[in-house]
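Single-letter residue listing:
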Amino acid sequence: MPPALMIANVIRFYGYETWQNAHYETSDQIIPFGRFMMLYRAMPNVQALERINHTWAATNAIAACNGVEASVVTKMQQRDLEEAYGKEQNG
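The notes below deal with the structure included here. Please read all numbers here as calculations on a predicted model, not as lab measurements.

**Topic: the nonpolar core**
(1) Moving on: One finds Met6, Val10, Trp19, Tyr24, Ile30, Ile31, Phe36, Met37, Leu39, Tyr40 and Met43 forming the largest nonpolar core, which totals 11 residues.
(2) Moving on: For this core, the secondary-structure elements that each account for two or more residues are α1 (3-14) and α3 (33-66).
(3) Moving on: Apart from residues lying up to four places away in sequence, Phe36 is in contact with Met6, Ile7, Val10, Trp19 and Ile31.

Below, the structure is given as structure tokens:
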């Protein structure tokens, strides 16, 4: 992937203050390379967990509207979370 596209993805996903910040101890206050790569590589996992959270929110809203007990939703959520972390550990 071209470096400019990688930078654009990190800025879009984490925000510009992650790219350039006065707290970075670099001469131009741009994110250090190692931290950049760590955040870039974590994006797919973070996005997957965000999708799970959005799904859970919609599921909880639908369950609340239909009078489904929370324990049923919690079991589904737990299964999804275990699957997400299982894929991460095995990937």
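**With respect to the packing of α1 against α3**
(1) Moving on: Direction vectors running N to C along α1 and α3 enclose 50°, while the axes themselves pass 10 Å from each other. One element, α1, and the other, α3, form an angle in the oblique class. In this structure, α1 meets α3 at a crossing whose hand is left-handed. On α3, the residues touching Met6, Ile7, Asn9, Val10, Phe13 and Tyr14 of α1 are Phe36, Met37, Leu39, Tyr40, Ala42, Met43, Val46, Gln47 and Glu50.
(2) Moving on: Of the residues assigned to the contact of α1 with α3, the class counts are 12 nonpolar, 2 polar and 1 charged.

Conventions and cut-offs
Residues numbered from 1 in each chain as written. Predicted model: local features only at pLDDT ≥ 70, side-chain atom pairs only at ≥ 80, totals over all residues. Heavy atoms only, no water. Core = buried A, V, L, I, M, F, W, Y, C linked by side-chain atoms within 4.5 Å. Buried < 20%, exposed > 50% of the residue type's maximum accessible area, 1.4 Å probe, protein only. Helix = DSSP H or I, 4+ residues; strand = E, 2+ residues; numbered from the N terminus. Contact = heavy atoms within 4.5 Å. Axes fitted to C-alpha atoms, helices over the stretch in contact; angles between N-to-C directions. Parallel < 35°, antiparallel > 145°, perpendicular 65-115°, else oblique. Left-handed = near helix turned anticlockwise from the far one by under 90°. Nonpolar A, V, L, I, M, F, W, Y, C, P; charged D, E, K, R; others polar.

By themselves, these observations are geometric and do not establish any function.
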